[in-house]
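# Structural description and commentary
Residue-level listing of the chains:
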Amino acid sequence: MIDSHAHLYYEKFDEDRDQVVLRAREAGVVRVINIGTDVATSEKSLELAKRYMGFYATVGLHPTTKVVDLLRDIALLETLAKANPDRVVGVGEIGLDYYWKDVAPAAQKESLAAQLDLARRLGLPVVYHCRDALEDLFAFLQQERIQPPGVFHCFSGGPSDAERALALGYHVSFAGNVTYPGAVNLQAALQVVPVEKLLLETDCPFLAPQPVRGKRNEPAHVGHTRDFIAKSKGIDPGELERITEATTVSLFGLS
Ligand SMILES: [Zn+2]
């Protein structure tokens, strides 16, 4: 199994990170992609990829990251990616977030555009974060001449939004919140995404799936989300695991 979206560099894991990694392996999670949200966490993701077998990193500036010097940050991320081609497997998380008001939409779009260019230069897929801004993100992406491949992580829209993401050629990933009883719209979105376009993720430490809801999330918990999705899709969990693993390996070019 692969946890395609984790933030294990957070301080919340400082005291027991080795045990978290051990539990992940015991749960059959053989690969974990840690996702950068700024230059510092992109570096930390890379450090984890160097320390733990089966770990990979993405580099990127989250839409809510306050960027002082965009060109400088992009150059730093590019250097990280080029120096570590086996470990840096994507650009992200990037996108738009209108829920938090810290960064103006115009600045978010400038950062997004620059990072789509970066992904194209590096030949890497992208990881989209989007909150309360799907309409704008779709409109933005439709104007892009060449779209890098990628995934809408922690999908937050309904069925028609999922269809638009798929129509743009993207994969769609659901985090633990798809398992919550009230997540009717998300569950409806899940139904329209073909199994071959799905990825599994925790987005840990956030969004622990229903059986462990409210606790700190970790890669070992991704199995709960796998089981929920498999049941919703009417397929065997092992089969879902096999398909999503192959999809993730192929999308990110994992070894
Ligand atoms: Zn994330």
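So, here is what we can say about the structure in this document. (Residues numbered from 1 in each chain as written. Predicted model: local features only at pLDDT ≥ 70, side-chain atom pairs only at ≥ 80, totals over all residues. Heavy atoms only, no water.)

### Describing unusual backbone geometry
Here the bond from Gly 92 into Glu 93 is cis, since omega is 5°, no more than 30 degrees from zero. Geometrically, the link from Cys 204 to Pro 205 is a cis peptide bond, its omega value of 15° lying close to zero. Mapping Pro 205 onto the fold places it in the loop between β8 (198-200) and α8 (222-233). The phi angle at Asp 132 is positive, at roughly 55°, despite the residue not being glycine. On the basis of relative accessibility, which here comes to 54%, the residue Asp 132 falls in the exposed class. Positive phi, normally seen in glycine, also occurs at Leu 207, with a value near 55°. Note that Leu 207 resides in the loop between β8 and α8. Taking the relative accessible area as the measure of exposure, Leu 207 reaches 28% and is therefore partly exposed. (Helix = DSSP H or I, 4+ residues; strand = E, 2+ residues; numbered from the N terminus. Buried < 20%, exposed > 50% of the residue type's maximum accessible area, 1.4 Å probe, protein only.)

### Some thoughts on the coordination of the zinc ion
All of the protein donors around the zinc ion are His 5 (NE2), His 7 (NE2), Glu 93 (OE) and Asp 203 (OD); their distances to the metal are 2.1 to 2.6 Å. If you look at the zinc ion, its four donor atoms make angles of 83 to 171° with each other, and the shape they trace is irregular. Here the donor residues for the zinc ion map to a single chain with the spacing H-x1-H-x85-E-x109-D. Residue Glu 93 is located in strand β4 (residues 88-97), and its partner Asp 203 is located in the loop between β8 and α8; the two are separated by 110 residues in the primary sequence. Each member of the pair, Glu 93 as well as Asp 203, is classed as buried. (Donors = N, O, S within 2.8 Å, 3.2 Å for Na, K, Ca; no water. Tetrahedral: all angles 85-135°; square planar, octahedral: opposite > 155°, others 65-115°.)

### Some remarks on the nonpolar core
Within soluble globular proteins, side chains that are nonpolar generally end up buried alongside one another. Residues Leu 8, Tyr 128, Leu 141, Phe 152, Phe 155 and Phe 174 are the most contacted members of the largest nonpolar core, which totals 70 residues. Sorting elements by how many residues they give to this core places helix α4 (residues 105-122) first, with six residues. Discounting chain neighbours no more than four positions away, the residues touching Phe 155 are Leu 134, Asp 161, Ala 162, Ala 165, Val 172, Ser 173, Phe 174, Leu 186 and Ala 189. Listed in part, the eleven residues of the second largest apolar core include Ile 35, Val 151, Leu 199 and Leu 251. (Core = buried A, V, L, I, M, F, W, Y, C linked by side-chain atoms within 4.5 Å. Contact = heavy atoms within 4.5 Å.)

### With respect to the layout of surface pockets
Its boundaries defined by the atoms lining it, the largest pocket holds a volume of some 450 Å³. Lining the largest pocket are 21 residues, with His 62, His 129, Arg 131, Asp 203 and Phe 206 positioned closest to its centre. Going through the elements one at a time, β4 and β5 (126-131) are the ones with two or more residues in the lining of the largest pocket. It is β5 that provides the largest number of residues to the lining of the largest pocket, a total of three residues. (1 Å grid on protein atoms, 1.4 Å probe; cavity = no way out; pocket = protein on both sides within 12 Å on 5 of 7 lines; lining within 4 Å. Points joined across faces, edges and corners; volume = space filled by probe spheres on them.)

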